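# Residue-level structure breakdown
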Amino acid sequence: MEFFDDAVNKTKEVFETVSKKTGEVIATEKQRFDMASLKTKREKDYTALGKIYYEFVKDNEDVPEGVKELVDSIKEKSLEIDRLASEIQGAKNRRVCKSCGANIDKNSIYCNICGAKLDIEE
Ligand SMILES: [Zn+2]
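Numbering of residues starts from 1 in each chain and follows the order in which that chain's sequence is written. Only residues with pLDDT of at least 70 are given local features in this predicted model, and only at 80 or more are side-chain atom pairs given and counted; all residues enter the totals for whole chains, interfaces and linings.

### Section: the overall build of the protein chain
Spelled out, the test is: In DSSP terms, a helix is any run of H or I states spanning at least four residues, a strand is any run of E spanning at least two, and both are numbered starting from the N terminus. In this description, any two residues whose backbone-derived C-beta atoms lie within 7 Å of each other are considered to be in contact.
Check the secondary structure of the protein chain and you find three helices and two strands. For the protein chain, the sequential pattern of α-helices and β-strands runs α-α-α-β-β. Put simply, of all contacts in the protein chain between residues at least 6 apart along the chain, 39% involve residues at least 24 apart.

### Brief notes about the environment of Gln-31
Mapping Gln-31 onto the fold places it in helix H2 (residues 26–59). The spatial distance from the C-alpha of Gln-31 to the C-alpha of Leu-84 is 6.2 Å, given a sequence separation of 53 residues. In contact with Gln-31, other than residues within four places in its own chain, are Leu-84, Glu-87 and Ile-88.

### Details of the environment of Ala-116
Looking at the secondary structure, you find Ala-116 in the segment after strand E2 (103–105). A C-alpha to C-alpha distance of 7.9 Å links Ala-116 and Cys-97, two positions 19 residues apart in sequence. The residues contacting Ala-116, other than those within four sequence positions of it, are Cys-97, Ser-99, Cys-100, Tyr-110 and Cys-111.

Structure below.
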């Protein structure tokens, strides 16, 4: 059950990240959590698919029940994981203005909404 333990550890990591980074862009943490959750579900699909193929190769040459549905399900999750990954990547280049709370470019010197001077960030 190595991959299951791994998935549980990853879920814990996400929760720890949320509590440590309270006040930062929360949407990103939700996206990370959604992505980890989708990856775990996709792993289960892979496992189920592997079992079906095992039975297929083992016993007969007919197209097994459920294979197409699982392949579609994996494809769907992969697309959503890619979409979340690019959203998370995009959020890394954003910051929140401490003065007005606007979501602005990370490299801005002044907030383009309220005009407040922003702290230099590492
Ligand atoms: Zn502002």
